[in-house]
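# Summary of structural features
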Amino acid sequence: MCYMTLLSTTSTDDLSAGNNDLVRFSTELPGIPEQKYLAFAHQWLVGSASGCSCGFRHLHTSSVELGFGEPQDWYPEEAQDVEATRQVIAAIRALVEKGDHVDCMDAWAHGQPDAPPLNGEVEVNLGEVGDASFRFFENHRFTFTT
C-alpha cells in the first residue's frame, strides 16, 4: 500500500529528462484503476525517492480542508519530501506556462480492483498557489491553470 501520483499532459516533452534522486517521471504506469481519471494522452507515474509517490507532500482525504500551505514548524515534514514536491509542481508549472494542459491524480494504491469515485476535482491556479505551498490531496484530480 502506498501513494501513487499519476500525471497526464498534452505535452510531448520527455519529463524523465529531469529525473534525479528525489523525483522520477516514468511512462511505466502501475496499472492502478485511478488512471481512468486522467484526461490527456501523455501519461506519467510521478515517483519519489521511495520509488512510489509516498515521498511527496500529501493530505489524506480527511484533511483536505487544510488546503495548500507552506510547511509549518508545528507539523514537521521531511526536507527531501518538501523539495521533491516543489520540483514536481515546478515541472508542472513549466508545462502550463508553455501552453500545455496538465492534470494529475493522487491515489492510495492498495490493490483495489476498481477506482473509487473521486472525492473532488480541484482547479489549481498556479498564479495563486506557490511551489512551496503545493501538496497533493488523496483521491482528488487536479487541473492546472495560470
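Quick summary incoming for the structure in this document. Sequence order as written defines residue numbering, which begins from 1 separately in each chain. Restriction of local features to residues with pLDDT of at least 70 applies here, the model being predicted, together with a cutoff of 80 or more for giving and counting side-chain atom pairs; totals for whole chains, interfaces and linings are based on all residues. The side-chain figures draw on all heavy atoms in the structure; neither hydrogens nor water molecules are used.

## With respect to helix 1 (residues 79-97)
Given 3.6 residues to a turn, an α-helix orients residues that are three or four positions apart in the same direction. By definition, any uninterrupted DSSP run of H or I lasting at least four residues is a helix, any uninterrupted run of E lasting at least two residues is a strand, and each is numbered from the N terminus. Here, expected helix span is obtained from the residue count minus one, scaled by 1.5 Å. The end-to-end C-alpha distance of helix 1, which contains 19 residues, comes to 27 Å, matching closely the 27 Å that a straight helix rising 1.5 Å per residue would cover. The buried label goes to any residue with under 20% of its type's maximum accessible area, the exposed label to any with over 50%, and the partly exposed label to all in between, with areas taken from a 1.4 Å probe on protein chains only. Where helix 1 is concerned, the buried positions are Asp81, Ala84, Thr85, Gln87, Val88, Ile89, Ile92, Arg93, Leu95 and Val96. Tucked inside the fold, the buried residues of helix 1 contact strand 1 (2-9), strand 2 (23-26), strand 3 (42-48), strand 5 (102-109), strand 7 (136-137) and strand 8 (140-145). Of the residues one or two after helix 1, Gly99 is the one with positive phi, at around 105°. Throughout, a contact is declared for two residues whenever any of their heavy atoms are within 4.5 Å.

## Considerations on the state of the cysteines
Criterion for a disulfide: a pair of cysteine sulfur atoms at a distance within 2.5 Å. As enumerated under the stated definition, the model contains 0 disulfides in all. Just so you know, Cys54 is unpaired, no disulfide at all, and the nearest cysteine sulfur is the one on Cys52, 3.3 Å from it. The exposure class assigned to Cys54 is partly exposed, which follows from its relative accessible area of 32%. Just so you know, Cys104 is unpaired, no disulfide at all, and the nearest cysteine sulfur is the one on Cys54, 15 Å from it.

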